[in-house]
Amino acid sequence: MPEPENAVQIDVKKIIQDFPVLDQEVHPGKKLIYLDSAATSQKPVQVTGAMTDYYHRANANIHRGIHALAETATDMYEGAREKVAFLINAATPSEIIYTRNTTESINLVASSWGRAGLKPGDLVILTEMEHHSNLVPWQMLAETIGIRLEFIPVSQDGLLDLQAYQLLLEEDPKLVAFMHMSNVLGTINPAQKIIQLAHQAGALTLVDGAQAVPHFPVDVQDLDADFYAFSSHKMLGPTGIGILYGKKHLLEAMPPYMGGGDMIKRVKLRSFAPNDLPHKFEAGTPAIAEAVGLGAAVDYLSAVGMHNVAAYEHHLTKYALDRLAEVPGVWVFGPEANQKGGVASFTFEGVHPHDVSQILDAEGIAVRAGHHCAMPLHEKFKINATSRASFYIYNTTAEIDRLIDGLYSVKKIFG
Amino acid sequence: MPEPENAVQIDVKKIIQDFPVLDQEVHPGKKLIYLDSAATSQKPVQVTGAMTDYYHRANANIHRGIHALAETATDMYEGAREKVAFLINAATPSEIIYTRNTTESINLVASSWGRAGLKPGDLVILTEMEHHSNLVPWQMLAETIGIRLEFIPVSQDGLLDLQAYQLLLEEDPKLVAFMHMSNVLGTINPAQKIIQLAHQAGALTLVDGAQAVPHFPVDVQDLDADFYAFSSHKMLGPTGIGILYGKKHLLEAMPPYMGGGDMIKRVKLRSFAPNDLPHKFEAGTPAIAEAVGLGAAVDYLSAVGMHNVAAYEHHLTKYALDRLAEVPGVWVFGPEANQKGGVASFTFEGVHPHDVSQILDAEGIAVRAGHHCAMPLHEKFKINATSRASFYIYNTTAEIDRLIDGLYSVKKIFG
Amino acid sequence: MDDLYREQIIDRYKNPRHRGSLAPNDISYQDDNPLCGDHIQIDLRVNSEGIITEAAFDGQGCSISQASADLLIETVIGKSLDEAKDISKDDILDLLGIELGPVRLKCALLSLKVLKAGVYGLGAGEASDELVE
Amino acid sequence: MDDLYREQIIDRYKNPRHRGSLAPNDISYQDDNPLCGDHIQIDLRVNSEGIITEAAFDGQGCSISQASADLLIETVIGKSLDEAKDISKDDILDLLGIELGPVRLKCALLSLKVLKAGVYGLGAGEASDELVE
Ligand SMILES: Cc1ncc(COP(=O)(O)O)c(C=O)c1O
Ligand SMILES: Cc1ncc(COP(=O)(O)O)c(C=O)c1O
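Residues numbered from 1 in each chain as written. Chains lettered and ligands numbered in written order. Predicted model: local features only at pLDDT ≥ 70, side-chain atom pairs only at ≥ 80, totals over all residues. Heavy atoms only, no water.

Caption draft 1: Inspection of the overall build of chain C at higher detail. Broken down by element type, chain C carries five helices and three strands. Along its sequence from the N terminus, chain C presents helices and strands in the succession α-β-β-β-α-α-α-α. Computed over C-alpha atoms, the radius of gyration of chain C comes to 14 Å, within 12% of the 14 Å expected from 2.2 N^0.38 for 133 residues, which places it in the range of a compact globule. Seen through its C-alpha atoms, chain C measures out along the principal axes to roughly 45 × 25 × 25 Å. In chain C, 58% of the contacts between residues at least 6 apart in sequence involve partners at least 24 apart. (Helix = DSSP H or I, 4+ residues; strand = E, 2+ residues; numbered from the N terminus. Rg over C-alpha atoms; globule rule 2.2 N^0.38 Å. Contact = heavy atoms within 4.5 Å.)

Here's what the structure looks like:
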């Protein structure tokens, strides 16, 4: 028996109505069941409406304009920054840098802070469960300036080995960069503890929060994170915009990342003076409408309440794990429900994840198949790919039942 | 007497109806006259509609998904790339890299091609009229790896000094980077000639086409440009996406720019293999909806016809320059109408451009005031700021008449 | 996915007709699709007139990659090397008889890519997607 | 922009009451707004009790920057240095009596920034926007 959906403070039926994309048949008679929110979330009409409204009412380039539209646009753009700052409890909005996505946020730190502050041989600690976006930028830095990379191992049940971490901390690391929640295992890492230990060892920390901010309350000051990266498109917001939070004194000390308009105070033919935060890191015309849409997404999530989002997803995840355990041949990766967010990655004995995904798709059920941008983690578990169902506030236990039915039909076809 | 608007093949009345933003009063009784398209253009309902439709019907993450939405989203994203390739006549869509804006496109070349290919002392030729986005990235490179910068001078009437250019070419330059059209002077530079001379001297070329692609036909193969950068938001498309065109063999030889998902083929803990073009340069979840919107903007411009866009803007520009010449104390920078696009930057004797802009704004007329991200050019002309009126296909000569009336009231107030 | 064709694919996947390897062989090539781990090796025997007399594939992966390899081997036996070079993406899609999205297309075309790289005598790792475009 | 206030601003801009410089002076500071080239210098004479007895500004720029400087000088004469430190952004807006967008706000606050940097004894180029937030 599923727990009743109203056990948590969230009105799913009402929420679903805000997401027009969910009201469609992807194949004749097959209503969409979208279980791929870890890849990207759907957007409520409040978000698409805010952007259209911006374009139809206020669109202008920002910051340097005196006319009415430019002022409205600037207010909306900066207003969204304040909302984001409030959501993650940044000390000031100027600690919020708009980027394109989590990936760019991490590249910005690797490139600006990394090139300026790291020397050959300096140690950066990562984990074996990282997304490619928190691996490749550091590998590139290892190639160009010769930093050293070490990895916190992942146990068979999908948890970080904190004892191994403490041994690594003895090697004088400069940075510990890790994901808050795994997009494959679902593991919610003990971020506060990891950060505290890093600081004790004299290292800074960067948290990849791409799967965290959308799904549970995050307080960067409480965590004491030095850098924190996430993406709008995974948290009900538009594509094309991401966020880098950084402590002010760190951001202030960093050299600019890209050069161009708006990131400067003065420019001569052969020199420039960089602008103040946050503009120093926002070169050129930014993603203005996207910031407005992100602001609307933050409003939406705040109205639901991040605690409610987390509780509801926990309810879904628990239900999904229980039901998946019933299906013979299905093997779910990662820890159990109380250490994990709304992600269930699994293999199906004798059936390639592509085939699982394709057959589910024929039933209208969207799950992802592949390495989910975590090839080293898959290699660690000696598999090439998994199927992944991931959940958000617009999903229901009834949809999970349909997923399970779908898996039984996979079994029938390939049995 | 204005030339009749129908002298050119464009139905302005119909076009205006596609831009809801234009149908508003910015102050009571003051209808918006938007003369700031060089900063950012307005967007037709076809563009905002395409994006909303994408979000409400097809939104999913691209490339690695097997389910129906992911495939539709991938098709739309890649379909837009083909449209852009067709618009500027790239040899293949994989020569089109999506970035955030012109600024990032140029930074990508400076960082990837520049760091890999330039040595201390190597010469990069720029011009005195460049936008900050084509100055600062090279200054940053001058700082980090010690390249040398030289500048093609600008004459009093706003033209590049090609004789001085030819002398600079004798100094074995590696790159000539210049704007196709100036956002301040309006000057349309002889790009084909500049590129041909650069190639004869053994240098590559990068063209900042931010003000070109939106306003007249551009054929990168005909120009023989090596790199060509522009922004969606200035060509009726959304914010948050820009374009870098590059010749395939050049892009293939360049190291990746940012690291992360999608730009890789394989990732191990300590190494990665980059993906094929164009993905090699598109790390992380890209601006998917924005690509779709850009595609719709290209469709819109193509339906109007870039030759018609150019002809109509020429008509507006000629009319504006004639009428501005009537106003005592107004001084317009740059060449005459037949060497210039739809931009009129001017000073007003005894009145600061901020005040001009503010008083015009009170009349509903949006013009920009400042250095327009070209401080060195303003310094050259020994001024701090100019007012700039810029035109697009939704403007009319009647609006230019209102601008002139506005300038007379500036005169009255400050006279 | 149409049920009729799905049956053919599942059948080929479960009961391949040409799975195996040839030793000795005249041409052997292998490659994989890093995105999902599909792996295909193709061995060919070629006579003095350049006709493929025997062929076999081995590998692992999804039903599309394995079934299309099996179907491809069936087609290629008896063909000349030049004819093998002419096999196109569309030929493979005709063999499979289904519409494919971009991701599955890569699965479907892996065997053709391996075949062509072998026939063209490319070195290990030199097979590119351009072979099957 | 409201016509009534616009008149006051234009009047102050065209006919400033406190334009000039003081030599000798006790405090002198200057800064500019690079975005538009507005420039303001403020000179103060301060007596032994820390009261500003005389003040003048010089500079160039738009009507808002110059008028607000003139109005600020008028307010500051007779005040103590501590009172000068307490002048806020809102005080300037009250003096001007108009609503301002973010760009013009920088024009309006330039003179206050210069005044405070001088009063706090900052070095050249050390004035920051935080002084007037
Ligand atoms: C000539 C020119 N180059 C570059 C840019 C920068 O474009 P973006 O701000 O979209 O990066 C602009 C626009 O501001 C421009 O006019
Ligand atoms: C944990 C994690 N980190 C980073 C990313 C990259 O995010 P983006 O593609 O928005 O840059 C993702 C999403 O794919 C993710 O799940």
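Caption draft 2: Structural view of the arrangement of the chains. Between all five pairs of chains that are in contact, chains A and B come out with the most contacts. Spatially, chain C and chain D are disjoint, and the shortest separation between their C-alpha atoms is 48 Å.

Caption draft 3: A look at the interface of chain B and chain C. Residue-level contacts link eleven residues of chain B with eight residues of chain C. Across the chain B/chain C interface, buried area totals approximately 740 Å², and carbon plus sulfur atoms make up 58% of it. It is Ile66, Glu71 and Arg266 of chain B in chain B that bury the most area against chain C; as a group they hold 48% of the surface buried on that side. Our count for the chain B to chain C interface comes out at two salt bridges. Where Arg266 of chain B meets Asp32 of chain C, a salt bridge forms, and the shortest distance between an N and an O atom there is 3.0 Å. Going through the elements one at a time, helix H3 (68-87) and strand S11 (264-267) of chain B are the ones with two or more residues in the side of chain B that touches chain C. If you tally residues by element for the side of chain B that touches chain C, the top one is H3 of chain B, at three residues. Each residue belonging to the side of chain B that touches chain C can be placed in one class, and the counts come to one nonpolar, three polar and seven charged. (Buried area = accessible area lost by both parts, 1.4 Å probe. Salt bridge = Lys/Arg side-chain N within 4 Å of Asp/Glu carboxyl O. Nonpolar A, V, L, I, M, F, W, Y, C, P; charged D, E, K, R; others polar.)

Caption draft 4: View of the domain arrangement of chain A. All names here are of chain A. The assigned domain composition of chain A is domain 1 (5-31 + 306-414) and domain 2 (48-303). Averaged C-alpha coordinates put domain 1 and domain 2 at centres separated by 28 Å. Facing the 32 residues of domain 1 at the interface are 32 residues of domain 2. Both faces combined, the contact of domain 1 with domain 2 buries some 2500 Å², and carbon together with sulfur accounts for 63% of it. The largest per-residue losses of area from domain 1 upon contact with domain 2 belong to Met306, Leu377 and Tyr392, which jointly make up 26% of the total buried on that side. (Domains from an automatic or database assignment.)

Caption draft 5: Looking closely at the site of ligand 2. Near ligand 2, the surroundings consist of 16 residues, among which Thr103, Asp208, Ser231 and Lys234 of chain A together with Thr285 of chain B are the closest. Taken together, the residues near ligand 2 originate from chains A and B. Note that an oxygen atom of ligand 2 is positioned 2.5 Å from one of the side-chain N or O atoms of Thr103 of chain A. One of the side-chain nitrogen or oxygen atoms of Ser231 of chain A is found 2.6 Å away from an oxygen atom of ligand 2. (Near = heavy atom within 4 Å. Polar contact = N/O pair within 3.5 Å; in protein donor to acceptor, adjacent residues only side chain to side chain.)

Caption draft 6: Layout of the environment of Thr386 of chain B. Residue and element names in this part refer to chain B. Mapped onto the fold, Thr386 is located in strand S17 (residues 386-390). What makes Thr386 buried here is its relative accessible area of 1%. Not counting residues within four places of it along the chain, the set of residues in contact with Thr386 comprises Phe333, Ser345, Phe346, Thr347, Pro353, Arg368, Ala369, Gly370, His372 and His378. Side-chain polar atoms of Thr386 contact the side chain of His372, separated by 2.9 Å. (Buried < 20%, exposed > 50% of the residue type's maximum accessible area, 1.4 Å probe, protein only.)

Caption draft 7: Representation of the interface of chain A and chain B in the model. The interface of chain A with chain B comprises 93 residues on the first partner and 93 residues on the second. Between chain A and chain B, a total of about 7400 Å² is buried, with carbon and sulfur atoms accounting for 58% of that surface. Ionic pairing is found between Arg270 of chain A and Glu150 of chain B, a salt bridge with its closest N-O pair at 3.2 Å. Across the contact surface, chain A and chain B share 47 residue pairs in polar contact (both at pLDDT 80 or more). Sorting elements by how many residues they give to the side of chain A that touches chain B places helix H2 (residues 45-57) of chain A first, with seven residues. Residue composition of the side of chain A that touches chain B, grouped by class: 42 nonpolar, 33 polar and 18 charged.

Caption draft 8: Looking closely at the relation of the copies chain A and chain B. Relative to chain B, chain A is turned by 180° and slid 0.0 Å along the rotation axis, the superposed coordinates differing by an RMSD of 0.0 Å. When the rotation and shift are considered jointly, the pair of chain copies conforms to a two-fold rotation axis. Among all C-alpha atoms of chain A, that of Gly240 of chain A lies closest to the rotation axis, at 2.8 Å. When the interface residues of chain A are mapped onto chain B, 100% of them again lie at the interface, so the same face is used by both copies. (Least-squares fit on C-alpha atoms with pLDDT ≥ 70 in both.)

Caption draft 9: Molecular detail of the sheet that holds strand S7 (residues 173-179) of chain B. All names here are of chain B. One open sheet holds the seven strands; their spatial order is S4-S10-S9-S8-S7-S5-S6, and the pairing between them is mixed. Looking at which strands have only one partner, the edges of the open sheet turn out to be strand S4 (96-99) and strand S6 (148-152). Adjacent strand axes in the sheet meet at a mean angle of 20° when their direction is disregarded. The sheet contact formed by strand S8 (residues 204-208) and strand S9 (residues 227-231) spans three bridges and is parallel. (Pairing = 2+ DSSP bridges. Axes fitted to C-alpha atoms, helices over the stretch in contact; angles between N-to-C directions.)

Caption draft 10: Fine view of the site of ligand 1. As a matter of local geometry, ligand 1 sits amid 16 residues, with Thr285 of chain A together with Thr103, Asp208, Ser231 and Lys234 of chain B nearest to it. Those chains with residues close to ligand 1 are chains A and B. Asp208 of chain B places a polar side-chain atom, nitrogen or oxygen, 2.5 Å from a nitrogen atom of ligand 1. Contact distances for ligand 1 include 2.7 Å between an oxygen atom and a side-chain N or O atom of Lys234 of chain B.

Caption draft 11: Region of the structure containing the packing of aromatic side chains. Residues and elements named next belong to chain A. All told, the structure shown has 18 aromatic pairs over all chains when counted by the stated rule. Taken together, a centroid distance of 5.4 Å and an interplanar angle of 65° make the contact between Phe333 and Phe381 edge-to-face. Taken as a pair, Phe333 in the loop between strand S13 (330-332) and strand S14 (343-348) and Phe381 in the loop between helix H13 (375-380) and strand S17 (386-390) lie far apart in primary sequence, 48 residues in all. Residue classification places Phe333 among the buried positions, given a relative accessible area of 8%. (Phe/Tyr/Trp six-rings, centres within 6.5 Å; stacked < 30°, edge-to-face > 60°.)

Caption draft 12: Main features of unusual backbone geometry. The omega torsion of the bond from Leu277 of chain A to Pro278 of chain A falls at -5°, within 30 degrees of zero and hence cis. Examined against the element boundaries, Pro278 of chain A turns out to sit in the loop between strand S12 (272-274) and helix H10 (288-304). The residue Asp262 of chain A is not glycine, and still its phi comes out positive at about 75°. Take Asp262 of chain A: it is sitting in the loop between helix H9 (248-253) and strand S11 (264-267). A positive phi angle, close to 65°, is found at Asp224 of chain B, a residue other than glycine. Tracing the sequence through the fold places Asp224 of chain B in the loop between helix H8 (220-223) and S9.

Caption draft 13: Structural view of the sheet that holds strand S1 (residues 27-33) of chain D. Residues and elements named next belong to chain D. The three strands are arranged S1-S2-S3 in an open sheet whose pairing can be described as antiparallel. Strands at the two margins of the open sheet, each flanked by one partner only, are S1 and strand S3 (52-60). Taking the axes of each pair of neighbouring strands and ignoring which way they run, one obtains an average angle of 15° across the sheet. Relative to strand S2 (residues 38-46), S1 is paired through seven bridges, and the arrangement is antiparallel. Bridge pairing in S2 places Asp32 opposite His39.

Caption draft 14: Here's a closer look at the pairing of S8 of chain B. All names here are of chain B. In terms of residue burial, S8 counts as a mostly covered element, since five of its five residues are buried. Both faces of S8 are covered, namely the face carrying Leu204, Leu206 and Asp208 and the face carrying Thr205 and Val207. Pairing analysis gives five bridges linking S7 to S8, with the strands arranged parallel. When the sheet's bridge partners are listed, Met179 is paired in S8 with Asp208. With helix H7 (residues 191-200) bridging S7 and the parallel S8, this β-α-β connection has right-handed handedness. (Right-handed = clockwise from strand over helix to strand, strands pointing away.)

Caption draft 15: Structural view of the nonpolar core. Core analysis: the biggest nonpolar cluster contains 241 residues, and Tyr228 and Leu407 of chain A together with Tyr228, Ile393 and Leu407 of chain B have the highest contact counts within it. Apart from the residues lying within four places of it in its own chain, the contact partners of Leu407 of chain A are Leu324, Val327, Val330, Phe346, Phe348, Val356 and Leu360 of chain A. Core analysis: the next-biggest nonpolar cluster, separate from the first, contains 73 residues, Met263 of chain A together with Val136, Tyr257 and Met375 of chain B among them. (Core = buried A, V, L, I, M, F, W, Y, C linked by side-chain atoms within 4.5 Å.)

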